[in-house]
Amino acid sequence: MKRAIRPDVHTRFLALVARVDAQVRSEQQDLQKRSTRMLARESRERARAAQGDGDPA
């Protein structure tokens, strides 16, 4: 027997899914920013090493 979902339960469920979705998107954006910063730093370090500004060996 199939029963209909109560409208109030459905509304709460949709709100919960929307909150979790927004949180996941925020975390993904944070990770993307962190990755971009790390790549930029590594690129700068490689450029410095290629110019010979690093520690003499």
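Our structure is the block above this text.
What comes next is a walk through the structure. Note that the structure is a prediction, hence the values are computed from the model and not measured.

A word on the overall build of the chain. In terms of helices and strands, the chain carries one helix and zero strands. On C-alpha atoms alone, the chain measures out to a radius of gyration of 24 Å, which is more than a quarter above the 10 Å that the 2.2 N^0.38 rule sets for 57 residues. Viewed in the frame of its principal axes, the chain has a C-alpha envelope of about 80 × 20 × 15 Å. By the burial criterion, 0% of the 57 residues in the chain qualify as buried. For the chain, the accessible area works out to roughly 5700 Å², and carbon and sulfur atoms hold 56% of it. Separation of charge centres in the chain, based on 13 positive and 8 negative side chains, amounts to 12 Å.

Per the stated rule, a full pass over the model turns up two salt bridges. Asp8 is the salt-bridge partner of Arg6, the closest N and O atoms lying 2.8 Å from each other. Overall, Asp8 belongs to the partly exposed group, its relative accessible area being 37%. Between Arg25 and Asp21 there is a salt bridge whose closest N-O contact spans 2.6 Å. Of the two residues, Arg25 and Asp21 are both situated in helix 1 (residues 7-51); the distance of four residues between them amounts to about one turn of the helix. For Asp21, a relative accessible area of 39% corresponds to the partly exposed category.

Analysis parameters
- Residues numbered from 1 in each chain as written.
- Predicted model: local features only at pLDDT ≥ 70, side-chain atom pairs only at ≥ 80, totals over all residues.
- Heavy atoms only, no water.
- Helix = DSSP H or I, 4+ residues; strand = E, 2+ residues; numbered from the N terminus.
- Rg over C-alpha atoms; globule rule 2.2 N^0.38 Å.
- Buried < 20%, exposed > 50% of the residue type's maximum accessible area, 1.4 Å probe, protein only.
- Areas by Shrake-Rupley, 256 points an atom, 1.4 Å probe, with all protein chains shown as cover.
- Lys, Arg positive; Asp, Glu negative; His and termini not counted.
- Charge placed at Lys NZ, Arg CZ, Asp CG, Glu CD.
- Salt bridge = Lys/Arg side-chain N within 4 Å of Asp/Glu carboxyl O.

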